[in-house]
Amino acid sequence: MTGNDDLFPDDPAWDGDPVGGLTDLEKAAAACELVFVAGGPAEVAEGCSLVVEPLPAVVAERIRNAVAGHMERNPATAGGRSAAHSTPVGPTIAPPSRHGHDSFASMLVPAAGLVPASRLMHFSGWCAALGLGLALVWQLQNPPVAVTPTDRRQQLLAEDPAALSAAWTAGKDAAIAAAAARTDDARPDNARLGDVVWSQSRQQGFMRFRGLAANDPTVEQYQLWIFDADRDEAYPVDGGVFDVAASDADGEIVVAIDARLPVGKPTLFAITVERPGGVVVSSRERLPLLAQVP
Amino acid sequence: MQELLLTRIADGDGSAVPDCVSRYGGLVWALARRRLGNGADTEDAVQEVFIDLWRSAARFDPQVAEEITFVAMIARRRLIDRVRRRGRLPTAASLDGTDGAEVADRAAPVGMRLELGEEARIAAEQLGQLDLDEQRVLRLSIYDGLSHSAIAEQTSLPLGTVKSHIRRGLDTLRRRLSRRTRDDRETKSSESPATARRVPR
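On a predicted model such as this, the values are computed, not experimentally measured, just so you know.

Some points on the overall build of chain B
Helices and strands together make up the secondary structure of chain B, namely ten helices and one strand. Of the regular secondary structure in chain B, the N- to C-terminal order runs α-α-α-α-α-α-β-α-α-α-α. A burial count over chain B gives 44% of its 201 residues as buried. When contacts within chain B are restricted to residue pairs at least 6 apart in sequence, those whose partners lie at least 24 apart make up 67%.

Okay, here's the thing in structure tokens:
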């Protein structure tokens, strides 16, 4: 237990998303922490600034690349305000929007409100026209790129021959029971239930599923975990949460992996069923699918 | 006033991400090392904080919190999550309040300067008005991340006193910061476009 557990014993915000459920007490605690990092109240009174050791160049570079890669892989889930509903065709992994987002959003002005309304009205017409023009020029000058997860998966396999592939095997869970129990399908698991592909050099991957049951995102979501030989087995890398729509449950779906941390040597991919938004540490009670890396 | 990088990120300006890492990397690095020590896990934690900042940028509202405070809040939560995941308590070495200070002291001559903002200034003023026991208890709780019982043990103060110092200290600061936010909003809303003055940069 940390001091914060005692500090906010009844505050569920501490158990969820870092943004959701933002409280005034947290803001006060963060302001205090800044003072202590700066050396204490007396130091800050003399000059309201802080002197810190810069982030080591190697670490800074790695983080810049990681965030850039994350942005590239998740163009539709960016911090950007306009992306929330621009998910490409097919199911993609959602940002871990754990339980507090709505309450946090209600504490802030609507995202668009950050831009003065008068400016928006004044320039929106010009921007729309300019945007359309640029989009047209871009379309003419550039061939179409892979936009669906299925296309991006194919592209990854074509561009990285070293990408590893692992077949899903069914666990004991209702979410996959129907597909696992089918006796009329003689194909091996990797053809029957799907697979996962992962490019180590690109830190990018995709999961393909057949027969995974549809979920109600307000009740539960699927969450991917990546076990890494370089890390403690108790703490697999969170690969993000995703949903299977009822319309997709009978067909094949491809979902992009959203690894939250670099993966060194993946050994096992596991799908769990968790509360909406996913969890930080899974109880692993419901494990519909596993894929052991050969 | 410094340019707001999170607003740029929220507007889809990818070039603001490296700027954000440059401006706040040192701060997040210091906070992470304080809680997690050195090691690959600390680097991962810093990376995780910046990914969350990127994801959260659209929710940043400068009228609710200053950018640096928002960054510190995100970092605090991510780091607390990580400490919990590790199931690790702060080490004995960190309890004496010296190792983090050493980090700051050692960094000072070659460090980078970061403006703390008005909210930290108010916090410093508020903390400065507390007696030394109260200040120490808040530091052990917020900065060192100790539980109430560990603080009571370390300071030889009754557990109830520790709790009330923390609750009262933070609650008073919370009210002061809220009042400032409210006053700021009222001031801004009362400034008509005709009377608002532009401050040359």
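That was the structure; now back to the text.
A word on the overall build of chain A
Along chain A, the regular secondary structure elements total nine helices and ten strands. Relative to its full complement of 294 residues, chain A shows a buried share of 38%. Long-range pairs, those at least 24 residues apart, make up 68% of the contacts in chain A with a sequence separation of at least 6.

Some thoughts on the pairing of strand 6 (residues 221-228) of chain A
All names here are of chain A. Counting buried positions along strand 6 yields eight of eight residues, so the element is predominantly enclosed. Here strand 6 shows two buried faces, one formed by Q221, Q223, W225 and F227 and the other by Y222, L224, I226 and D228. The pairing of strand 6 with strand 9 (residues 266-274) spans eight bridges and is antiparallel. Paired with I226 across the strands is F269, a residue of strand 9. In this sheet, strand 7 (residues 237-242) lies alongside strand 6 in antiparallel orientation, the contact comprising four bridges. When the bridges of strand 7 are listed, W225 appears paired with D238.

With respect to the nonpolar core
A:A31, A:C32, A:L34 and A:V35 are the most contacted members of the largest nonpolar core, which has 73 residues in total. Among the elements that line this core, the one with the most residues is helix 2 (residues 16-36) of chain B, at twelve residues. Two domains share this core, each providing at least three of its residues, namely domain 1 (1-95 + 107-115) and domain 2 (117-189) of chain B. Among the nonpolar cores identified, the runner-up in size contains 36 residues, and A:A175, A:A179, A:M207 and A:F242 belong to it.

Observations concerning the sheet that holds strand 4 (residues 194-199) of chain A
Residue and element names in this part refer to chain A. The sheet built from four strands is open, its strands ordered 2-4-5-8 with antiparallel pairing. Because the sheet does not close on itself, it has two edges, and the strands there are strand 2 (164-167) and strand 8 (252-256). Mean inter-strand twist for the sheet, computed between neighbouring axes without regard to direction, equals 15°. Here strand 5 (residues 204-210) pairs with strand 8 via five bridges, running antiparallel.

A short note on the sheet that holds strand 7 of chain A
The five strands lie next to each other as 3-10-9-6-7 (chain A), forming an open sheet whose pairing is antiparallel. Each of the sheet's edge strands pairs with one partner strand only, and the pair in question is strand 3 (169-170) and strand 7 of chain A.

Topic: helix 9 (residues 148-155) of chain B
Buried within helix 9 of chain B we find B:H148, B:A150 and B:I151. Around the axis of helix 9 of chain B, the buried residues are gathered within 160° of arc, so they sit on the same side.

Let's talk about the confidence of the model for chain A
Chain-level pLDDT for chain A is 70 on average; 62% of the residues reach the 70-or-more range. Taken as a whole, residues 1-21 of chain A scores under 50 in pLDDT and shows 57 contacts with residues more than four places along the chain or in a different chain.

What to know about the confidence of the model for chain B
Do not read the fine detail of predicted coordinates wherever pLDDT is low. Residue and element names in this part refer to chain B. Across chain B, pLDDT averages 77, with 77% of residues at or above 70. Predicted confidence for residues 88-109 stays below pLDDT 50, and this span has 25 contacts to residues more than four positions away or in other chains. In the predicted assembly, ipTM is 0.82 and pTM is 0.52.

Points about the environment of B:A124
Residues and elements named next belong to chain B. Structurally, A124 can be placed in helix 7 (residues 118-128). Its 26 C-beta neighbours within 10 Å are what place A124 among the buried residues. Separated by 49 residues in the primary sequence, A124 and L173 have C-alpha atoms spaced 9.8 Å apart.

Details of the packing of helix 2 of chain B against helix 3 (residues 40-56) of chain B
All names here are of chain B. Axis separation between helix 2 and helix 3 bottoms out at 9 Å; the angle between their running directions is 135°. Between helix 2 and helix 3, the interaxial angle falls into the category oblique. Crossing of helix 2 against helix 3: the hand is right-handed. In this structure, helix 2 contributes V17, C20, V21, V28, W29, A32, R33 and L36 to the contact, and helix 3 contributes D41, T42, A45, V46, V49, F50, L53 and W54. Residues belonging to the contact of helix 2 with helix 3 are distributed by class as follows: 13 nonpolar, one polar and two charged.

Overview of helix 2 (residues 24-37) of chain A
All names here are of chain A. For helix 2, spanning 14 residues, the distance from its first C-alpha to its last is 20 Å, which sits close to the expected 20 Å at 1.5 Å a residue. In terms of burial, helix 2 is largely enclosed, as twelve of its 14 residues are buried. Within the span of helix 2, buried status applies to E26, K27, A28, A29, A30, A31, C32, E33, L34, V35, F36 and V37. Positive phi appears at G39, one or two residues downstream of helix 2, with a value of about 115°.

Observations concerning the packing of helix 8 (residues 132-143) of chain B against helix 9 of chain B
Relative placement of two packed helices is described by the angle separating their axes and the distance separating the axes. All names here are of chain B. Between helix 8 and helix 9, whose axes approach to 10 Å, the crossing angle comes to 135°. Our classification of the angle between helix 8 and helix 9 gives oblique. Seen along the crossing, helix 8 lies across helix 9 with a hand that is right-handed. Taken together, the residues of helix 9 that come into contact with helix 8 (itself represented by R136, V137, L140 and S141) are I151, Q154 and T155. Broken down by class, the residue content of the contact of helix 8 with helix 9 amounts to three nonpolar, three polar and one charged.

Re the environment of A:P294
Mapped onto the elements of the fold, A:P294 is located in the segment after strand 10 (289-292). Taking C-alpha positions, A:P294 is 8.5 Å from A:L164, a pair spaced 130 residues apart along the chain.

Definitions and limits used
Residues numbered from 1 in each chain as written. Chains lettered and ligands numbered in written order. Predicted model: local features only at pLDDT ≥ 70, side-chain atom pairs only at ≥ 80, totals over all residues. Helix = DSSP H or I, 4+ residues; strand = E, 2+ residues; numbered from the N terminus. Buried ≥ 20, exposed ≤ 12 C-beta atoms within 10 Å, placed from the backbone. Contact = placed C-beta atoms within 7 Å. Pairing = 2+ DSSP bridges. Core = buried A, V, L, I, M, F, W, Y, C linked by C-beta atoms within 7 Å. Domains from an automatic or database assignment. Axes fitted to C-alpha atoms, helices over the stretch in contact; angles between N-to-C directions. Arc of directions from axis to C-beta. pLDDT = per-residue confidence, 0-100. Parallel < 35°, antiparallel > 145°, perpendicular 65-115°, else oblique. Left-handed = near helix turned anticlockwise from the far one by under 90°. Nonpolar A, V, L, I, M, F, W, Y, C, P; charged D, E, K, R; others polar. Expected span 1.5 Å × (residues − 1).

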